[in-house]
Amino acid sequence: QVQLVESGGGLVQAGGSLRISCAAAGRTSSGYCMTWFRQAPGKEREFVAGISWPSDLTAYDDSVKGRFTISRNSAKNTVDLQMNSLEPEDTAVYYCAARPASYGDYVVLESDAYAYWGQGTQVTVSS
């Protein structure tokens, strides 16, 4: 059983930056794929970014490439998402999701593949 807790969401102006974090506890595997998904009001949940280890592979949705950076902090047992050049279209609840690397040491883009989810953190970008 893996517990995920997101933090760091908030309100930011368009063009600004925000860093959100996912803290993980209870992992029994040496490797995981951890991802960020987001869901805006009235919209479907969509993949944003992911990282897997020990491969250290990353993946990004085209809409955030060059603006968002996902990273792992092994010392703090967190996965962070640095979001720069934020746009109003980035406004959503951001969810952290995890999958054991034993299922595949790479980033999976489908939300249904993930068994562990955090509660979400709200990111609002004003115009």
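Check the entry above for the structure.
What comes next concerns the included structure. Quantities reported herein were computed from a predicted structural model and do not represent experimental measurements. (Residues numbered from 1 in each chain as written. Predicted model: local features only at pLDDT ≥ 70, side-chain atom pairs only at ≥ 80, totals over all residues. Heavy atoms only, no water.)

Moving on to the pattern of salt bridges. Within the structure shown, the criterion is met by six salt bridges. Of the charged contacts, one joins Arg38 and Asp90 as a salt bridge, the two residues approaching to 2.9 Å between their closest N and O atoms. One end of the pair, Arg38, is in strand β4 (residues 32–39); the other, Asp90, is in the loop between β8 (78–83) and β9 (92–100), and 52 residues separate them in sequence. As a salt-bridge pair, Asp90 and Arg67 come within 2.8 Å of each other at their nearest N and O atoms. Within this pair, whereas Asp90 is found in the loop between β8 and β9, its partner Arg67 is found in the loop between β6 (57–60) and β7 (68–73), the two being separated by 23 residues in sequence. For the pair shown, Asp90 and Arg67 are each scored as buried. (Salt bridge = Lys/Arg side-chain N within 4 Å of Asp/Glu carboxyl O. Helix = DSSP H or I, 4+ residues; strand = E, 2+ residues; numbered from the N terminus. Buried < 20%, exposed > 50% of the residue type's maximum accessible area, 1.4 Å probe, protein only.)

Note on Arg67: relative accessible area 11%, which makes it buried. At a separation of 2.8 Å, a polar atom in the side chain of Arg67 contacts the main-chain carbonyl oxygen of Ser63. Here Arg67 is in contact with Gln82, Met83, Asn84, Ser85, Leu86, Glu87 and Asp90, once residues within four sequence places are set aside. (Polar contact = N/O pair within 3.5 Å; in protein donor to acceptor, adjacent residues only side chain to side chain. Contact = heavy atoms within 4.5 Å.)

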